[in-house]
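What the coordinates show
Okay, here's what each chain looks like letter by letter:
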Amino acid sequence: MATKKLYEYFSKALIDEVQRWGAMKQTGVALRYMTEFGSKPTEKNLRISAQFLHKELSIRIARRAIELETLPYGLSDKPAVLKVRDWYLDSFRDLRSFPEIKGTSDELDFTQMIQMIKVRHNNVVPMMALGVQQLKKDLNPKVVPEDPDEIHQFLDRFYMSRIGIRMLIGQHVALHDPNPQPNRVGYIHTKMSPVEVARSASEDARAICLRQYGSAPDINIYGDPNFTFRYVPTHLHLMVFELVKNSLRAVQEQFMDSDKVAPPIRIIVADGIEDVTIKISDEGGGIARSGLPKIFTYLYSTATNPLDEQSDLVSTDGVTMAGYGYGLPISRLYARYFGGDLQIISMEGYGTDAYLHLSRLGDTQEPLP
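In this report, the structure presented in the accompanying data block is examined.

Calculation notes
Residues numbered from 1 in each chain as written. Predicted model: local features only at pLDDT ≥ 70, side-chain atom pairs only at ≥ 80, totals over all residues. Heavy atoms only, no water. Phe/Tyr/Trp six-rings, centres within 6.5 Å; stacked < 30°, edge-to-face > 60°. Helix = DSSP H or I, 4+ residues; strand = E, 2+ residues; numbered from the N terminus. Buried < 20%, exposed > 50% of the residue type's maximum accessible area, 1.4 Å probe, protein only. Salt bridge = Lys/Arg side-chain N within 4 Å of Asp/Glu carboxyl O. Pairing = 2+ DSSP bridges. Axes fitted to C-alpha atoms, helices over the stretch in contact; angles between N-to-C directions. Contact = heavy atoms within 4.5 Å.

Considering the packing of aromatic side chains
Summed over the entire model, instances satisfying the criterion amount to 10 aromatic pairs. Ring geometry for Phe-154 versus Phe-158: centroids 5.4 Å apart, planes at 35 degrees, classification tilted. Residue Phe-154 and its partner Phe-158 are located together in helix 8 (residues 149–174), separated by four residues, close to a single helical turn. Residue classification places Phe-158 among the buried residues on the basis of a relative accessible area of 0%.

What follows is the structure, given as structure tokens:
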């Protein structure tokens, strides 16, 4: 069945408005600014925040909607990608049809509306992964390289933008919490212990490994649990969880049929002047040098793809041990969002070290695609 084009679903006026807003300049925000501004969530400050988001989210969402229409190799026409595009257009329409924010009741209504937008976009990552898989099945490997650069660069931009949109919405919504936890400014923890977050994320990853394999290697964490710095705990949890999950799977599969006890995974937290670095080391056999360039691409995974086993779009929320092929590239985007980075160094035949660098300074602007 031929894919219906945009104008058959959405009015020309809406499409023109998307084009107009998508041409406007985005405004990046720094972690330090978010913390300072959010530390006094007065009615006036919340109103200023809502007025900023009313414009800024419209620009960012319009840019992504335009890009979703013009993807190479026919990716724009894949059913899963069309669904994502419609979510972005619906969200843009919700934002632009919302009246000017003048008072507290407007601000509260706006906050409720953007929270609904955030929920609408919950499944964007698995849905886009499904779209890429749908594309991969149709591509002729003789005509198109296995992992086209244009697709990879688009997904980097797209997911980085999504991280920013969700951070801005989540931060604004969280500032309305009447009883915030100590040292919390919205999503930001001003005294976050990276050792504690690493421990929690490791336990979650280990529970999944136990569920899947029936056993799991030990995890040893080294570092000062009393050391704290300003960061977003949910972001760090996601990154450490993803890296530890990869290490657990590598070690588990390496030693599954062995008489030897599986060696533990080691997590080291180092506190530098500019960066906090978390090193995650395993002895899971490592990655061949030829495979290293592929680990940060979106079409590559060494595991079986869970989307191949279930094409039901509704059930793509479950956390599996591996397989979508986007855990590492998205973790690196989370690290880069606040000025950090993620590096993977491997010794084939022995194991892998992941270095997660987190900027302590907090004054890096969001990298806006």
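Side note on the pattern of salt bridges
Within the structure shown, the criterion is met by 17 salt bridges. Across the pair Arg-93 and Asp-90 runs a salt bridge, and its minimum N-O distance is 2.9 Å. Of the two residues, Arg-93 and Asp-90 both sit in helix 5 (residues 79–96), three residues apart, roughly one turn of that helix. A relative accessible area of 24% places Asp-90 in the partly exposed class. Here Asp-94 makes a salt bridge to Arg-120, at a shortest N to O gap of 2.9 Å. With Asp-94 in helix 5 and Arg-120 in helix 6 (residues 104–120), this residue pair connects regions lying 26 residues apart in the sequence. A network of salt bridges, in which partner residues are shared, links Glu-56, Arg-60 and Glu-366.

Concerning the sheet that holds strand 2 (residues 188–192)
The three strands lie next to each other as 1-2-4, forming an open sheet whose pairing is antiparallel. Two strands lie at the open edges of the sheet, namely strand 1 (184–185) and strand 4 (229–231), each paired on one side alone.

Remarks on the sheet that holds strand 6 (residues 275–282)
Here five strands make up an open sheet; going across it, the order is 3-5-6-8-7 and the pairing mixed. Whereas interior strands pair on both sides, the edge strands pair on one side only; in this sheet they are strand 3 (219–222) and strand 7 (341–347). Looking at each pair of strands side by side, their axes are set apart by 15 degrees on average, direction ignored. The pairing of strand 5 (residues 265–271) with strand 6 spans six bridges and is classified as antiparallel. In the strand pairing of strand 6, Ile-267 is matched with Ile-280. Contacts from helix 9 (residues 194–213) reach strand 3, strand 5 and strand 6, with the element oriented near 175 degrees to strand 3. Set on the sheet, helix 10 (residues 233–255) makes contact with strand 3, strand 5, strand 6, strand 7 and strand 8 (351–359); between it and strand 6 the angle comes to about 20 degrees.

It is worth stressing that arrangement in space is one thing and function is another; only the former is reported here.
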